[in-house]
Amino acid sequence: MSHASDRDRSDQGNSNGTWIGRSVPRVEDDRLLRGNGRYVDDIALPGAVEAAFLRSPHAHARIESVDVTAALTAPGVVAVWTGDDVADLPAMLNKEELRTPPGLAALLDPLVRMTPMPLLARDKVLYVGQPVAVVLAENRYLAEDALELVEVRYAPLRVLVDPEHALGEDAVRLHEDLPDNTAVAVATRVGDPEAAFAGAHAVVSERFEAHRYVASPIETRAVSAQVDPYSGRLTVWSGTQTPHRLRDAIAHTLGLESATVHVIAADVGGGFGQKGILYVEELLVPHAARRLGRPVLWREDRNENLTASSHAREQIHRIELAADAEGRIVAVRDRITVNFGAYNMTGLVVPYNSLCHLLGPYRVPNVHIDVTGVLTNTTFATPYRGAGRPETVFAMERAMDRLAAELGIEPAQLRARNLVRPDEMPYATGLVDRSGSPQSYDSGDFPELLRRAVAKADVEGVRARQREGARDGKYVGIGFAMYIEATGLGPFETARIDVAPSGRVRLAIGAPSQGQGHRTSMAQIAADAIGVPFDVIDVVGGDTEATPFGVGTIASRALVNAGNATHRAGRLVREKIVEAAARRLGVDAGGLDLSDGIVRAGEPGGPSISLAELAGKAPLPGIPEPTDGRHGTEISETVHFRPPGFAVASGAHAAVVEVDEHTGEVEILHYVVVHDAGNIVNPMIAEGQVTGGIAQGIGGALYEEMVYGPDGQPRTGTYMDYLVPTSSEIPDLDMDEIFTPSPMNDLGVKGLGEGGAIAPQAVLAGAVEDALRPFDVVVRRGPLSPSRVRALIRAAADA
Amino acid sequence: MTTSVPAPLAARTPPLAEPSAWHGISLIVNGRPVTAQVEARLLLSDFLRDRLGLTGTHVGCEHGVCGACTVLVNDEPVRACLTLAVQCDEVELRTVEGLAPADAPLTPVQRAFHECHGMQCGFCTPGFVMTTTALTEQDERPDEEQVADALSGHLCRCTGYRNIRRAVCQALDERFGE
Amino acid sequence: MKPTSFDYTAPSTVGEAVALLGDEEREAKVVAGGQSLIPMLNMRLARPELLVDITRIPELGRLHVDGSGKLRIGAAVRQARAAADGAVREGWPLLAVAIGRIGHPQIRHRGTVCGSLAHHDPAAELPTAAVCLDARFVITGPRGTRTVGAEDFFVATFSTAVEADELLTEAVFPPLPAHHGWAFEELTRRHGDFATVGVAVVLERDTATDTVRSARVVFCGAGPVPVRLPAVEDALVGTDVGEHALAAAARVALARLAPADDVHATAEYRREGAAHLLVRACTTAWERC
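Bear in mind that the values here come from a model prediction, so they are computed numbers and not experimental data. (Residues numbered from 1 in each chain as written. Chains lettered and ligands numbered in written order. Predicted model: local features only at pLDDT ≥ 70, side-chain atom pairs only at ≥ 80, totals over all residues. Heavy atoms only, no water.)

> Whenever I open this one, the domain arrangement of chain B confuses me. Can you help?
How big an interface is tends to be expressed through the accessible area that disappears when the partners come together. Residues and elements named next belong to chain B. We note that the domain assignment places domain 1 (22-98) and domain 2 (108-176) within chain B. On the domain 2 side, the residues contacting the 17 residues of domain 1 number 13 residues. For the pair domain 1 and domain 2, the summed buried area comes to about 1,200 Å², and 63% of that belongs to carbon and sulfur atoms. Here Glu137 and Arg94 are joined by a salt bridge, their closest N and O atoms 2.8 Å apart. Our enumeration of links across domain 1 and domain 2 arrives at five residue pairs in polar contact (both at pLDDT 80 or more). Of all the secondary-structure elements, those providing two or more residues to the side of domain 1 that touches domain 2 are strand S3 (70-73) and strand S4 (76-79). Ranked by residue count, the leading element in the side of domain 1 that touches domain 2 is S3, at three residues. (Domains from an automatic or database assignment. Contact = heavy atoms within 4.5 Å. Buried area = accessible area lost by both parts, 1.4 Å probe. Salt bridge = Lys/Arg side-chain N within 4 Å of Asp/Glu carboxyl O. Polar contact = N/O pair within 3.5 Å; in protein donor to acceptor, adjacent residues only side chain to side chain. Helix = DSSP H or I, 4+ residues; strand = E, 2+ residues; numbered from the N terminus.)

> Sorry, what's going on with the sheet that holds strand S6 (residues 136-141) of chain C here?
The strands that make up a sheet are held in pairs by hydrogen bonds between backbone atoms, and each pair lies either parallel or antiparallel. Residues and elements named next belong to chain C. Across the sheet, five strands lie side by side as S4-S5-S10-S6-S7; this open sheet has antiparallel pairing. The two strands at the open ends of the sheet, each matched to only one other strand, are strand S4 (63-65) and strand S7 (144-149). Ignoring strand direction, the axes of neighbouring strands in this sheet form an average angle of 20°. Two strands pair when backbone bridges link them, and strand S5 (residues 71-74) and strand S10 (residues 167-173) are joined in this way by four bridges, in the antiparallel orientation. If you follow Leu71 over to S10, its bridge partner there is Phe173. (Pairing = 2+ DSSP bridges. Axes fitted to C-alpha atoms, helices over the stretch in contact; angles between N-to-C directions.)

> Help me understand the environment of A:Gly692, please; the structure alone is not making it clear to me.
Within the secondary structure, A:Gly692 sits in helix H19 (residues 683-703). Note on A:Gly692: relative accessible area 0%, which makes it buried. Considering only alpha carbons, one finds A:Gly692 and A:Gly755, 63 residues apart in sequence, at a separation of 10.0 Å. Sequence-distant contacts of A:Gly692, that is, excluding residues within four places in its chain, are made with A:Arg385, B:Cys158, B:Thr159 and B:Gly160. (Buried < 20%, exposed > 50% of the residue type's maximum accessible area, 1.4 Å probe, protein only.)

> How should the domain arrangement of chain A be read in this particular structure?
Residue and element names in this part refer to chain A. The domain architecture assigned to chain A consists of domain 1 (40-87 + 122-157 + 220-268 + 275-308) and domain 2 (490-641). Taking only C-alpha atoms into account, the centre of domain 1 sits 40 Å from that of domain 2. Taken together, the contact pairs 16 residues of domain 1 with 18 residues of domain 2. Summed over both sides, the interface between domain 1 and domain 2 buries roughly 1,200 Å², with carbon and sulfur atoms accounting for 47% of that surface. When the buried surface of domain 1 facing domain 2 is broken down by residue, Gln241, His244 and Val268 rank first, second and third, together holding 43% of it.

> I would appreciate a short explanation of the interface of chain C and chain B in the present structure.
If you look at the interface, chain C gives 31 residues, while chain B gives 35 residues. Both sides together, the interface formed by chain C and chain B hides about 2,600 Å², and carbon and sulfur atoms give 53% of it. Ranking the residues of chain C by area buried against chain B places C:Tyr8, C:Gln106 and C:Arg110 at the top, with a combined share of 24%. Here chain C is connected to chain B by four salt bridges. Linking chain C with chain B are 21 residue pairs in polar contact (both at pLDDT 80 or more), by the criterion used here. Counting residues per element, the ones that place at least two in the side of chain C that touches chain B are strand S1 (7-9), helix H2 (37-42), strand S3 (50-53) and helix H6 (105-108) of chain C. Element by element, the count of residues in the side of chain C that touches chain B is highest for H6(C), at four residues. When its residues are assigned to classes, the side of chain C that touches chain B shows twelve nonpolar, eleven polar and eight charged. (Nonpolar A, V, L, I, M, F, W, Y, C, P; charged D, E, K, R; others polar.)

> Hey, could you run me through the sheet that holds strand S23 (residues 592-595) of chain A in this one?
Residues and elements named next belong to chain A. If you trace the three strands from one edge of the open sheet to the other, you get S23-S24-S25, paired in antiparallel fashion. The open sheet terminates on both sides in strands that have one partner only, identified here as S23 and strand S25 (608-610). Taken over all neighbouring pairs, the strand axes of this sheet differ in orientation by 15° on average, direction set aside. Where strand S24 (residues 598-601) meets S25, three bridges bridge the pair, whose relative direction is antiparallel. The residue of S25 that forms the bridge with Arg600 is Ser608.

> So what exactly am I meant to see when it comes to unusual backbone geometry here?
Most of the time, phi is negative for any residue but glycine, and the peptide bond is trans. Here the residue pair A:Gly490 and A:Pro491 is connected by a cis peptide bond, since its omega of 0° sits within 30 degrees of zero. Within the element layout of this structure, A:Pro491 appears in the loop between strand S19 (474-487) and strand S20 (493-499). At the junction of A:Gly782 and A:Pro783, the peptide bond is cis and its omega measures out at -10° in the coordinates. Positioned with a positive phi, B:Asn30 is a non-glycine residue whose angle comes to about 50°. By the element assignment, B:Asn30 lies in the loop between strand S1 (22-29) and strand S2 (32-39). B:Asn30 gets classed as partly exposed once you look at its relative accessible area, which sits at 23%. Positive phi, normally seen in glycine, also occurs at B:Glu90, with a value near 70°.

> I tried to follow the interface of chain A and chain B on my own but got confused; where do I start?
At the interface, 60 residues of chain A touch 55 residues of chain B. Contact between chain A and chain B buries roughly 4,500 Å² in total, counting both sides, with carbon and sulfur atoms accounting for 54%. Considering only the surface of chain A that becomes buried against chain B, A:Leu33, A:Arg34 and A:Tyr141 emerge as the three largest contributors, covering 19% of it. Here chain A and chain B share seven salt bridges between them.

> Honestly, the state of the cysteines in this entry has me stumped. Any pointers?
Linking two cysteines covalently via their sulfur atoms produces the bond known as a disulfide. Residues and elements named next belong to chain C. For the coordinates displayed, the defined rule picks out zero disulfides over all chains. Not part of a disulfide, Cys114 finds its nearest cysteine sulfur in Cys132, a span of 18 Å. Overall, Cys114 belongs to the buried group, its relative accessible area being 3%. In this model Cys220 remains outside any disulfide bridge; the closest cysteine sulfur is found in Cys132, 11 Å from its own. (Disulfide = S-S within 2.5 Å.)

Structure, rendered in C-alpha cells:
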C-alpha cells in the first residue's frame, strides 16, 4: 500500500501504464458544452405523440369508476387508456432486484414478498402519484388538457404513512393478498449479544430516524419508443441506468423476444439510483408505440419526479451499543424499520445494505440486527446513492457519539479504539454479505483515514474555541463519521473491444453513463491494457445492441465491473495484435512489445508495425488478417467480468460547524473528507464523484426532506418546497485520500460513486450535537433545518 | 468580400388541434432571424426545443428554480420556462448553441467548464454557461457576491459546485484579468 | 406542467389594457415579467382566458423621481433595473436591498417591482418593504384612477386591493428624510429563497434627545399580509435603542406575532426568529440614522 496526498499518482503501483492515474480531460464535454447533448427528450422522433399520466390524488382509495369519454373528444387526443385497457399486460416486477441470492436464502432465510405493480391502477391506488390513466396526444399541452377531462371516482380508504403504525395488528392492509404490511424481513446474529449486553460497562440505547429524501436528478425521467416499420424492431430510448434489464422487462411485458427490443440510454442527466429501477412508464410507452403505430414520448415533469418517482432513505433504527470501560464495543443491537412505500420494488437491496454496513469499520464481536421493510401509502422507496448505507451510518455514528458522551471519551478517540486494523485484512465480520458469502473486508486502512481526518479537522483547535465559549450566540462543534462501502456488486459486466481496419479501437460496455465520464475513464483503461494512444479509442455504453449482455451503472459497480472487463478484453486484444504482428513481421511474438499503437521488436532498430498498418493491410481490403488460425477472424474480444467478491471502499469525514443559537442556522466552517477507493483511474473524475456525493449528503443533512402529511399528501412536490442546495449552500471541501488497492480485481479499483453521500448526514449531526453540548441536545433526526435546530435548543431548555 | 445575411431559422408550427389563439412573432435567435406562429401558451423553452430544434436549452423544473433553461434575452439571463414565446416578439435571443460555431473552438466560458471539470452529466451545464457568459459580458468584473448570487440561480446535482465555481472564476480571470 | 389554453394580447395604452381586463366575457389576467404568474400557469393553479401583457405600454416603463421627491415605479419596470438605478440605491436603499433579495438575477431580469407587489406572496420581500416605506399604489380601472396606501393594499395571501378589472400602474415611494435609518433582515433556507421570516425597519432619530422619534416595523413570513406592529414601534419610540429597549421591543413582537407553520419552519421558530431579527435590524437602522 502507498499513501499519496499530492496529485502524483505514479506511485500507485497498479500498472506501468501511461493513462491510468492521470486527470485526462473528459472527451464527453465538447459535445455537451455546445448544446449537442442527446438526452431522451432531445432525440427527434418525427410524428411522435406525447404521453401524460393521470395520477392518483389519493394516498389510498378504491377506484369506483373511470370515465374517459370526455377526454377522448379533447383536441389532439389520440388515445386514452385506463387500467382495464392494459389489463392484458403483466404487472411490473423489478425481478433482478427482488431475487434473493441462494447463499443468503440458505443462511438467513429472509422473507421477501412480491407486490407486482399494475401498469395502470385498476382496483386501488396506494400512493399519491400512482398512474391511473394515460393520455396520448399531439403534444404535452393537449395531453394535459385531456387529463383534466378524465373522470375518476375514488372511495378513500384509511391511510398509512408511518411505518410503525403500518405494522400494527389492526392496520389496514395495502395489498390484500398479503397477510400484513411487511414486505421484507431478515435478521442476523453473531456471537452472544445478550450476554455481552448483560456484562457491559456502558450501554447506550437510542431511536434514530433517517428521513425521507430523494435523488432529484436535474434531468427528470423520460422515455420514448418507436417501431421500425422495415424490421419491426422496437427501439426505446430511456434515461435508465440499467438498459439491459429494461430491454428484458419490455420484452417480457409485451411478449417479444429480447433480441427484437433495442434499448438506448444515450445522455442521461444524472441518475443516482432513481433511474436504476424499472418503472411502469418505461413499459407503457413502448406498448403505446406498438399499439398506435407511432413514436411515443413521455417526459416527466418536476412535480411527477418529486412525488411519483422513487423516494429513499426513510428508516427508523432502535440501536443499542454495549461497551467496556475503555470504550471498546462489545455488542451492537439494532432493530431497523425501512419505509418501503406502497410497493416492494427492490426487495432486500436497501434493508440488507443497511444491515451489512451497520458495523462499518468497527470491530464488533456480538451482533443482533433485525430489519423489516414495511409497506405504507407513500411513494415506493428504492436505492438512492448510498442505498441503505447513509441511513445505517447515521444510526451507528450517532450511537458512537452518544457512547463517547456517556463515557467521556473524545469521539474520534472512541472510534480509533474500535477500528479494524490493516493487518487484520482480509477481515471477516461474521455477517453474510449481500451476495450470500461470508462478509469480508478485502483491504483498507481505517486508522490512517481517521488519523488524517483528525489532523486536518484540528480537533484541538475546535476544543480550545469551545472552551472560550460562544461568540455572538454562535457555537462551534466538530463531528466525525466513518463508513465502509462494499462496492463492485456483480454478477457481471461486459466489455467488447474491436479494432477497426483504420486502427481505431471501439470499446462497448454494458454500463451507461449518467455523468461519470465513462467515455474518458474506460478509454484510459483500454489504452493501457492494449498499448494504444487514448485518443484512438471510442467508447459506447448503455446500448443493448453494442453489448447484448449487461447490468448497469448502479451500486458503485461500473468501474469495478466494466473497468475490469475492459482491462481483460484489452489485454486479450493486445495478445492478438502482437501475435498478428509476429506473423506479419516473421518474428517470435515473445520478442515484441506493443505501446502507443506500435508493435516493436525488443531490440533497438528492430522491425516495427503500427496497429493501423496491421489492421488495415489485411489480406482482403477491410478484412483483418486471421489471428488465431480461423479465416477472417477480427481483432476483437468480448469479456464478461464476474467479480469474485466485494471491493471495500472506505472513508472518514469530519466537519466543523458553527450553530447560531438564535436563528438555528448551521454554517459549515470546514468539511474534511479522507477516502480510499483503491487505485484511481482518473483523479479529476474521482474527485468530482466524491464532491458531488458529499453535496447530496449535505443536502440531506441540512435542507432536503420529502414531507408527507398524515393524509398521505406529499407537501414538498415542487422545487419551491423541496430544497436542493445551490452553490451558496455547499462549501469547498478539504479532501485527502489513501490508496489501498483491492485484491479482488486486476486494476485494484473500488467503486466510489456513492461513498461521498454516505457520511454527511452523520457527520453534520454529530457536529451540531457537539456544538450544542452546552444545551445537552441529542440529534435524532434530520434535516437539521434552522427550525429543527431551534426546536432542539428549546426542548433542551424546557427539560 | 461580401457580407452574408444570416439564413433564417425555420420553425415548426403549432399542432393543428391547438385550441388557443396563434400569434406571429419575429425575433433573432443566435444571430438568425426567425418568424414563427406560436400559440399564446407556448413556453419559450418549448418553442426553442420543439419548434426550433434547439435542444441545448434544457427543461428541469418548469417553475423557475433549477435554471437549466436559462437563455439570454437581449443579453440578460432569464428563465425560458418562465417566459412565453409570444412575449419574445422582436427580442434578440441567445442559446448555448449560439456561443461557438460548430467549426470554431469553445468560448472561454465553455472551455473553463471543460478544463475545470465543472460538469458531469451536462444537463444543467448550458444554463450555467449562459449565466456565466452574461457575467463575462458585463463592463466590469462582478464581485464575489454578484457571482454567488448569479450561480445560486442554478441547481447542479452532480458536481457539488466546487468545480463550477472554479470554472466561473477562470472565465472571469480570462476576461477581466486576475 | 403546461399552462391551460389562453389568448394573449399586448395593448399599447393603459386604457386599452383596462378595457380588456373589464371584458366580462373572458377572465383576463395581467402579465408583465410573469415570474410569479407563469409558475402558477404551468402548474395550472392560475387559469386565465386572456393574458394582458402590459410591458408594451410606454408610460408603464417609467421609473423616475417626481417633483415632490417621490420615487415612482411604473408597472412594467423590471426588478433588476430598479435595483440598479442610481436614484433608487441612493434614496431608497431599503427598496434596493429588498429587491436584491428576490430570487436570483435570472428572475429579477424579467420580474417587475409592481408584479411582485400585486402578486402578494406574504413571504416575499417587496410587500413588506413597501409597507415599511409607506408606499402608495396607483390603481386604474373602469371607474377611474385611485391611490391606495400600502397598509390597505395588501388584503390577504395572493390578494390585494386591485380588483379583477383594475391595473396597478405605479408604486410610489415617499422619500426617506434626513435622520432616518433603515434595515432589512431575513432568514431564508437557501440563498434566494422567500423569507422564512423577515423584518423591515425604519427608525427616525430625534437629534436633540438622541432617541427614536418614530419607527416603522414590518414583518414578512409572519402572517397573511405584511405585519406591521405599532406596539413594537411604540416600544421603540423615545428609547435610545439600547439593550433594554431592544429586549422590550422583542418581547412585544414575540407576544403579538402569530405566524403559521409550514414545511420550512414552525410558527414558534418564526416568532423567535422575527424577534431576533428585529433586534438586529433595529441596531443596524439606528446606526444608519
